[in-house]
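Residue-level structure breakdown
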Amino acid sequence: MSTILADGWLITMNAQREVLERGSVCFEEDRIVAVGTRAQLEHAHPQAEVVDCTGKIVMPGMVNTHTHLFQTLLKGLGDDMVLKKWFTCMTGPSAVHLTREDAKIAAMHGCVESIRSGVTTLVDFMYVHTQDGMADAVVEAFEETGIRGFVCRGFMTSGQEYDVPAALIETPEKAIAGARELIQRTNKAGGRVQAGVAPCMIWTVDETVLRLTRELANETGALVTTHVAETTFELREADRRYGQTDTEFLSDIGFLGPDVLAVHCVHCKSHDIRILRHHGVKVSHNPCSNLYLASGIPPIPEMHMAGVTVGLGSDGPASSNNHSLFQAMKFAALIQKGAHQDATIMTAEKVLEMATTDGAHAVGLGHEIGSVEVGKKADLIVIDCDNPSMTPIHNPVSAIVYSALGNEVSSVVVDGSFVMRNGVVKTVDERAVRQKAQMHADTLAIRAGSERFKNRGWRSSTI
């Protein structure tokens with residue numbers, strides 16, 4: 001069965017960056033088979049179902065290159081804290097009490113939220129393994145909701161001296177064995193859901209596990225992702241331990257490579273950027289989280305100039321409070337304009353590339369997703385422009401990046417199947433997912449003692 005999304009404002013993101021005012025795209029099974037006018041596609045595919053997209057925008061699904069889905073249950077508990085305090089006082093202690101059921105419903109909610117905001121590919125960084133099957137729970141959520149993505153088996157192998165809860169710390173052997181087992185069980189050629197490996201950050205992993213991670217990646221071909229240079233605290237710790245930046249250290253031990261997705265890179269200097277480019281490392285930029293935790297503003301324009309591929313991420317909802325790449329796009333553009341006092345330094349077109357084609361390349365799927373082209377996967381979204389925030393429209397890219405609120409996505413196609421159609425999620429009972437997520441969030445807060453952050457008093461100032 002073929003389907004034609006007809007007569008939309010088609011943003012192809014192809015090599016020519018064509019934007020067709022009345023464009024149509026036809027997909028059959030899981031692949032795009034034609035792009036052109038409605039008449040051309042209906043003539044070539046007379047049996048196709050035609051979906052009228054007049055007045056709407058059709059574009060490739062977006063790629064969220066970094067989140068922590070379990071944090072869906074922690075939204076709003078970590079407000080107004082820097083990262084180390086946020087992790088050691090709220091997120092870490094809460095994670096200790098996470099159950100497999102919590103992880104499953106959190107991931108379900110996060111996947112549904114992502115689909116609703118136009119994300120078709122998601123990279124989850126799951127570093128909580130207090131019970132058996134925590135990563136499996138996330139894989140199940142991906143499978144059931146129909147989203148594409150990577151479940152990266154994260155871990156911490158040190159950090160008690162920095163108040164990392166002991167229950168979250170694993171031995172290098174256990175961490176790598178867990179990652180290997182997940183990768184071997186999950187990864188199949190062409191599979192919609194893949195597993196990766198994710199050592200957490202420089203102050204929670206040791207050199208042994210980083211070297212073992214590289215060996216595992218070489219053995220399996222799995223995606224590797226890790227937090228890099230997110231805060232000045234990380235840089236101080238890298239210097240104290242190794243007399244180098246974390247980027248330099250990762251390079252020296254042979255960890256870096258084109259299969260590595262480095263998250264944040266807020267405090268990378270020019271030398272670090274050259275190292276990233278030399279090794280073909282990709283970067284995940286998480287602007288909302290970086291501002292929420294007061295981590296800083298990363299040198300994204302310098303990375304672009306150096307030829308580093310940069311995708312966008314929402315980060316976990318405990319440090320960005322949602323999974324919206326619409327917000328990430330707007331913040332990514334605006335913070336660079338303000339920081340550099342240069343309105344041209346980051347354009348709407350560039351951040352849309354970061355959310356689509358660049359994100360696809362960042363996760364190693366540039367040949368399959370990220371643009372509307374014949375032969376690529378049918379991962380597509382339809383944006384309803386009939387609302388006050390987006391209209392009147394002069395330029396669709398500008399409307400998406402600067403005007404949209406993020407709730408305008410009406411239909412989402414992943415692997416050629418509608419996972420959301422006309423505003424209705426088709427794969428799971430969305431209302432039941434939300435209700436269960438609230439229940440699990442409430443009970444987790446009680447068990448973990450993080451309810452005190454939930455019931456905090458009014459704070460007009462922290463002084």
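Above this text is the structure in question.
Reading the values: rules and limits
Residues numbered from 1 in each chain as written. Predicted model: local features only at pLDDT ≥ 70, side-chain atom pairs only at ≥ 80, totals over all residues. Heavy atoms only, no water. Axes fitted to C-alpha atoms, helices over the stretch in contact; angles between N-to-C directions. Helix = DSSP H or I, 4+ residues; strand = E, 2+ residues; numbered from the N terminus. Parallel < 35°, antiparallel > 145°, perpendicular 65-115°, else oblique. Left-handed = near helix turned anticlockwise from the far one by under 90°. Contact = heavy atoms within 4.5 Å. Nonpolar A, V, L, I, M, F, W, Y, C, P; charged D, E, K, R; others polar. Buried < 20%, exposed > 50% of the residue type's maximum accessible area, 1.4 Å probe, protein only. Salt bridge = Lys/Arg side-chain N within 4 Å of Asp/Glu carboxyl O.

For the pair helix α5 (residues 172-186) and helix α6 (residues 207-220), the least separation of the axes is 10 Å and the interaxial angle reads 20°. Taken as axis vectors, α5 and α6 run roughly parallel relative to one another. As α5 runs across α6, the sense of the crossing is right-handed. Across from P172, I176, A179, R180, I183 and Q184 in α5, the residues of α6 making contact are T208, V209, L212, T213, L216, E219 and T220. Residues belonging to the contact of α5 with α6 are distributed by class as follows: seven nonpolar, four polar and two charged.

Omega for the peptide link from T391 to P392 comes to -10°, which places this bond in the cis form. Relative to the helices and strands, P392 is located in the loop between β14 (380-384) and α15 (396-403). Of note in the backbone geometry, H264 takes a positive phi value of approximately 85° without being a glycine. You can see H264 is positioned in strand β11 (residues 260-264). With a relative accessible area of 0%, H264 lands in the buried category. One non-glycine residue with positive phi stands out, namely A294, at about 55°. For A294, the position within the fold is in the loop between α10 (287-292) and α11 (300-306).

What follows concerns the pattern of salt bridges. In total, this model carries 33 salt bridges according to the counting rule given. Note that E143 is salt-bridged to R192, the shortest N-O span being 3.3 Å. Highlighted residues: E143 in helix α4 (residues 134-145) and R192 in the loop between α5 and β9 (193-199), separated in sequence by 49 residues. With a relative accessible area of 18%, R192 lands in the buried category. Between E219 and R180 there is a salt bridge, with the nearest N and O atoms lying 3.0 Å from each other. Placement of E219 in helix α6 and of R180 in helix α5 is noted, with a sequence separation of 39 residues between them. Accessibility expressed as a relative area gives 26% for R180, which makes it partly exposed. Look at the salt bridges and you will find they share partners, linking D30, R31, R148, E368, K377, D379 and D415 into a network.

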